[in-house]
Each structure stands twice: as structure tokens, then as C-alpha cells.
Amino acid sequence: MSDVVPPEVKPKPAVPAKPPNVGAPSPSSPFPPQGVGIGGGGSGVSAPPPSSIPVAIGSHGPVHHSVLHSVGHGVGHAAGHGGGHTAAHNGGQVHGGSLSSSGGSTLLGYIGIDTIIEQMRRKTMKTGFDFNVMVVGHSGLGKSTLVNTLFKSQVSRRSAGWARDEKIPKTVEIKAVSHVLEEGGVKMKLTVVDTPGFGDQINNDNCWEPICKYINEQYEKFLKEEVNITRKKRIPDTRVHCCLYFISPTGHSLRPLDIEFMKRLSHSVNIIPVLAKADTMTIEERQEFKQRVKKELEMGGIEVYPQKEFDEDMEDKSDNDKIREAMPFAVVGSDKEYQVNGKRVLGRKTPWGIVEVENPNHCEFAQLRDFLIRSHLQDLKEVTHNIHYETYRAKRLNENGGLHPISANETQESNL
């Protein structure tokens, strides 16, 4: 009787440690964890588990592309929508590409892709960025004061009114003043575009035309730089990213001029309506006026920024719905400080007390500032470039048969 030899037991292949951010597949998932089928999903033959396949960094084209796409897509929205929005984009793409339990390969070590955020931050701090805001409204609504309050500096020249020997201009003038602001090592070239004379005439027919012309001229200037054979490394951006439209605190309704202006320019620029000098109305009057303005904008088919069709996901929609509910922002501007409860605050002094500009119980200035600068500044720039400028660009190129007109000098250069 021969001895029975026990079968040889082979040791199991070592499985690399799973990264901490990759969770186990859900028990309720309809797709159990398995290897990629050899020759396609329908062959029925499964490959060995990913842990037993030697993986060369950079050898998997689709995985590498997915990772880069997720990082690039996340970076594009980081400044405008905050860290949560970026994580939603980044996380979904990375898990679906390189860390998926349905056939992707895990990274064998730290690569350093996440440092692209820091690289972009350093580059932005060196070069800075542009932001151009236009203020529109008739004289005496505190446009210059509000802009100076927003940026805590004298960036807008205050008009002292018309002198006796000075003729009131018959048409709207466009005055642009640029300043370089720096905070925390970040430089911003701020351009404030003022429109003195708007709505100040007896006959205000077509008074929006100079403003519309200026906005389109900036698009045209940017387009010409883009189609040049030898383009600048960084095209100067003079396009209007935001238009603050000041509504007079009448307490009744919008003027026909207000409706006509916003209707004509809402498709060319990001319009943010602002209820000026809100301290001239009681809280009840202010709320009633705001509701009446929103209803009139809706009846006129006027969509102000942020537009509903530009909401990218549910998080964006939730944040923007709160902003749309608060519009138009009832604000008070002031560059004077007063002592209140032992603290220095910006405000307006009245016989019955001090209206604190940054106190949310007094006005909505803080909401406007946070929305305009701290949460949606990058998104304003992106919507201007991707929506309004692209619409203008497509229209101009279609008018010229798909080609931009070339001057004689440019033709000679191209022949050389």
C-alpha cells in the first residue's frame, strides 16, 4: 500500500495594501468585484485579479487619461465653487477611472498629481488676474460709494455733480479706471467702468446703446487678439465680467428704462440688480419692493446672474437658489467709520442711530460682497468667457463666413 501524498498547497499571492480612500464594494451593488474579461466583456473568461498583474506606471492609457481629466475638470471649478464642488468632480472621476472596483488598476504609489492645485496657485499669485465690473444707474444712487465700500479702497471716482458752467452731457459717457489691488500675496487688476449720464436726460431713448457698444467692443478686441497669427502669451482681458445695475428705491415698481436696459443686455453681460440706498425704506417696504421687482423681472423674461440653465449640479443649484431668492440685494454703501459698542464699523449716521453697512440686520451688503467676491468671482469670469463671449464670437465668425476679416498689413505678413 503506497503512501498518500497530500496535495501541494501554494501560497496565496500577496495583495498590496488598499489606499485609505478606496472603500469596499457595496453588498447591494449589481456588479460584483471581478477582473476585466479577456477579449471584451462578452467573452466570459475573466482575467486574474488586478493585485496579481504587474502594473507599469503610465502604461494604462485610459486610466491615465481619466485621472488627468478629473484633475483638470476639478481645477477649473476650484476657485469659483469652493472645495466641496471640486471634491465632487475629482472624487467621481478618479474612483471611476483609476480606483474603480469594476476593473481599474490601483496606483502602486504616490505620484503627486494633487500638487497641480498648488502649482496653479503659485502661478496665479505671480501673474495675478483681471476683474472688470461695470456700474449702471442714474446719478445720486451711490454707485461710486458702494464700489469703494466693496473693495475697501478708493477705486471709483465720486462725482460731485454738474457745475453751473458745465453742460450736462447729451449722451452716456463711459469712464474706465483701473487699479491693482493686492491681498495675501494675490494681485488683482480691478477695472471699474462707470456710466455717467445714464438715465439723467428727459428723453432717455436708446441711452443703453453706448453701454452695449462698449461691451461688444471689448469682446471684439479680445477676438482680434485670439485670431492673430502671432498671439500674445497672455491676452489682456478688458471684457466686462459683471454689471451692477442700481435700482432707485422708489418703493413702487421698476421704471420702463430699467426693464428695457436689463432685457437688452442680459444676454451680453452678467447683470446683478442692486436696490440702492436701502436705508431710505422700512424693512416692510423693502421686502414688498423686492418681491415686486422679482415679479416684474419674471414677467419681462429677464434672467439675471446666476442663470438657472448654468447650474452644473445639485450643489450649485442649491447655492444659487438662495442667491436668486435674495435678489435684488438691498444695500447701503459708506466709506466712513463710526464707533459702535467699542468697535469701529462702516456706516451712515442718522438722527436716530447708525446704519451699519456690514450688519446683515441692517442691509444686505455683506451678502452681496460674499457673493460677488468670495464665492462667485471666478464663476463670473467663466460665464463671461464660455457663454457671453462665445456667443458673440460665433455670431461674428458666422457673419464673415467663418473667417475673421484680415487687414492688408496682416495679408502681407502672412505672404512672407
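Remember, it's a predicted structure, so these values are computed and weren't measured experimentally. (Residues numbered from 1 in each chain as written. Predicted model: local features only at pLDDT ≥ 70, side-chain atom pairs only at ≥ 80, totals over all residues. Heavy atoms only, no water.)

### Brief notes about the nonpolar core
Item 1. Counting 72 residues, the largest nonpolar core has Phe-131, Leu-244, Phe-261 and Ile-272 as its most contacted members.
Item 2. Setting aside residues up to four positions removed in sequence, Phe-261 forms contacts with Val-136, Phe-198, Trp-208, Ile-211, Cys-243, Tyr-245 and Ile-271. (Core = buried A, V, L, I, M, F, W, Y, C linked by side-chain atoms within 4.5 Å. Buried < 20%, exposed > 50% of the residue type's maximum accessible area, 1.4 Å probe, protein only. Contact = heavy atoms within 4.5 Å.)

### Thoughts on the pairing of strand 5 (residues 271–275)
Item 1. With 5 of its 5 residues buried, strand 5 lies for the most part within the structure.
Item 2. Taking every second residue as pointing to the same face, both faces of strand 5 are buried, with Ile-271, Pro-273 and Leu-275 on one and Ile-272 and Val-274 on the other.
Item 3. Relative to strand 5, strand 4 (residues 242–247) is paired through 5 bridges, and the arrangement is parallel. Note that in strand 5 the partner of Phe-246 across the bridge is Val-274.
Item 4. With helix 5 (residues 256–265) bridging strand 4 and its parallel neighbour strand 5, the resulting β-α-β unit is right-handed.
Item 5. Strand direction decides the pairing type here: strand 5 and strand 6 (residues 329–330), joined by 2 bridges, are parallel. Residue Val-274 lies in a different strand from strand 6, and its bridge partner there is Phe-329. (Helix = DSSP H or I, 4+ residues; strand = E, 2+ residues; numbered from the N terminus. Pairing = 2+ DSSP bridges. Right-handed = clockwise from strand over helix to strand, strands pointing away.)

### Some thoughts on the pattern of salt bridges
Pairs may arise between side chains of opposite charge once their charged atoms sit close together.
Item 1. One pass over the structure, following the stated rule, counts 22 salt bridges.
Item 2. Notably, a salt bridge pairs Asp-258 with Arg-255, separated by 3.4 Å at the nearest N-O pair. (Salt bridge = Lys/Arg side-chain N within 4 Å of Asp/Glu carboxyl O.)

### Focus on empty space enclosed by the protein
Item 1. Within this structure, the stated rule accounts for 1 cavity of 30 Å³ or more.
Item 2. What lines the largest cavity is simply Ile-247, Ser-248, Thr-250, Ser-253, Leu-254, Arg-255 and Asp-258.
Item 3. Residue classes in the lining of the largest cavity are distributed as 2 nonpolar, 3 polar and 2 charged. (1 Å grid on protein atoms, 1.4 Å probe; cavity = no way out; pocket = protein on both sides within 12 Å on 5 of 7 lines; lining within 4 Å. Points joined across faces, edges and corners; volume = space filled by probe spheres on them. Nonpolar A, V, L, I, M, F, W, Y, C, P; charged D, E, K, R; others polar.)

### Structural notes on the sheet that holds strand 1 (residues 129–136)
Item 1. Taken in spatial order, the 6 strands make up an open sheet running 2-3-1-4-5-6, and their pairing is mixed. The two strands at the open ends of the sheet, each matched to only one other strand, are strand 2 (175–183) and strand 6.

### Section: unusual backbone geometry
Item 1. With an omega dihedral of 0 degrees, the bond running from Tyr-305 to Pro-306 counts as a cis peptide bond.
Item 2. Residues Met-327 and Pro-328 are joined by a peptide bond in cis, for which omega reads -5 degrees.
Item 3. Residue position: Pro-328 is located in the loop between helix 7 (314–326) and strand 6.
Item 4. Although it is not a glycine, Lys-277 sits at a positive phi angle of roughly 50 degrees.
Item 5. With respect to the secondary-structure elements, Lys-277 resides in the loop between strand 5 and helix 6 (283–299).
Item 6. Not every positive phi belongs to a glycine, and Asn-341 is a case in point at roughly 55 degrees.
Item 7. Within the secondary structure, Asn-341 sits in the loop between strand 7 (337–340) and strand 8 (343–350).
Item 8. With a relative accessible area of 78%, Asn-341 lands in the exposed category.

### Some thoughts on the pairing of strand 7
Item 1. Relative to strand 8, strand 7 is paired through 4 bridges, and the arrangement is antiparallel. Within the sheet, the bridge partner assigned to Val-340 lies in strand 8 and is Lys-343.
Item 2. Between strand 7 and strand 8, which pair antiparallel one after the other, the connecting turn spans 2 residues, and Asn-341 there sits at a positive phi close to 55 degrees.

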